[in-house]
Amino acid sequence: MRIGIDFDNTIAGYDALFAALAEERGLFQNARHSAPHGVLLGAPVGKKDLRDALRQRPEGELTWRRLQAEAYGGRMSDAELLDGVDRFVKACRQAGISLSIVSHKTQHANFASDGTDLRKAAIRWMEEHGFFDPAGLKFRPDDVFFADTRAAKVAKISDLNCNWFIDDLEEVFAEPGFPASARAVLYDPHGDVEAGSSGATDFLRCRHWDEIGGHVFGSHH
Ligand SMILES: [Mg+2]
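Overview of the structure.

1. Regarding helix 4 (residues 60–71)
Now for step 1: A rise of 1.5 Å per residue sets the reference length of helix 4, with its 12 residues, at 16 Å; its end C-alpha atoms lie 16 Å apart and thus fit the reference within 8%.
Now for step 2: Buried within helix 4 we find Gly60, Thr63, Trp64, Leu67, Gln68, Ala69 and Ala71.
Now for step 3: Residues of helix 4 that are buried sit in contact with helix 1 (15–24), helix 3 (47–55) and helix 6 (118–128).

What follows is the structure, given as structure tokens:
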């Protein structure tokens, strides 16, 4: 049995990092000053709410893409290992289940890139979190795949014969070529993915990694 796992926002969490970057850049000072009754409004919590708030502004899409280039690049080391990932990986190791990480990640950011190699930044982050530690999460370097496009990502998931695939984007499950034989699990910690927005239909929705473990290891019957 093999389980495939997405990387960004499924293994590595960026909510606190995006909030910190928005704060450092003073992106929400105006919201503070104009808040009624002296209520302090900080940056929205959560990647999606922050993105939606920025996109309402002139040049907001560009601002958002620049923040992403930083978060996934030079500031990657400030991303956090999402709660429960390590428990899940260790349980899989104990059960003899193979794990692959399959990420849609280009080598360089398209916008405002500081030249950081995004894939190397991700690998370095995994090293720092014990992913390749034989006494830790026990990944081998060739268990990690980066794809330039979403189509290439689902082709890799198919090649690997994944029995399960876990991702925070339901668009991945709707992508032509996503293998029908793979059980799709949507990692949706904020419960903010709108059902059916991508056309994907048959997937499990989980808000926590322990819940995913419950499905994979069969305690949710
Ligand atoms: Mg993702």
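So much for the structure itself; the text now carries on.
2. Quick notes on the nonpolar core
Burial of nonpolar side chains together is a common tendency in soluble globular proteins.
Now for step 1: If you look at the biggest cluster of nonpolar residues, it comprises 50 residues, and the most contacted ones within it are Ile3, Phe7, Tyr14 and Phe88.
Now for step 2: With 5 residues, helix 6 is the largest single contributor of residues to this core.
Now for step 3: Taken domain by domain, the makeup of this core includes at least three residues from each of domain 1 (2–13 + 79–216) and domain 2 (15–77).
Now for step 4: What Ile3 contacts, discounting residues up to four positions off in sequence, is Phe88, Cys92, Ile97, Ser98, Leu99, Ser100, Cys162, Trp164, Ile166 and Val216.

3. Digging into the sheet that holds strand 8 (residues 203–206)
Now for step 1: Ordered by their spatial adjacency, 6 strands build an open sheet running 5-4-1-6-7-8, and the pairing between neighbours is parallel. In this open sheet, the two strands that pair with only one neighbour each are strand 5 (144–147) and strand 8. Direction aside, neighbouring strands of the sheet carry axes that sit 20 degrees apart on average.
Now for step 2: Here strand 4 (residues 98–104) pairs with strand 5 via 4 bridges, running parallel. Bridge pairing links His104 to Ala147 in strand 5.
Now for step 3: The strands touched by helix 7 (residues 150–159) within the sheet are strand 4, strand 5 and strand 6 (164–167), with strand 4 carrying the most contacts at an inclination of about 170 degrees.

Criteria and cut-off values
Every chain begins its residue count from 1, and numbering advances along the sequence as written. In keeping with the predicted nature of the model, local features appear solely for residues at pLDDT of at least 70, side-chain atom pairs appear and are counted solely at 80 or more, and the whole-chain, interface and lining totals rest on all residues. Water and hydrogen atoms play no part in the side-chain values, which are based on all heavy atoms of the structure. What counts as a helix is a DSSP run of H or I of at least four residues, what counts as a strand is a run of E of at least two, and both are numbered from the N terminus. Multiplying 1.5 Å by the residue count of a helix minus one yields the expected span of that helix. Only protein chains enter the accessibility calculation, which uses a 1.4 Å probe; a residue whose area is less than 20% of its type maximum is buried, one above 50% is exposed, and one in between is partly exposed. Note on definitions: a residue-residue contact is assigned when non-hydrogen atoms from the two residues lie within 4.5 Å. Side-chain atoms within 4.5 Å are what join buried Ala, Val, Leu, Ile, Met, Phe, Trp, Tyr and Cys residues into a set we call a nonpolar core. Just so you know, the domain bounds were taken from an automatic or database domain assignment. When DSSP finds at least two bridges between two strands, those strands are taken to pair. Lines fitted to the C-alpha atoms define the axes, with helices restricted to the stretch that makes contact. Angles between their N-to-C directions range from 0 to 180 degrees.

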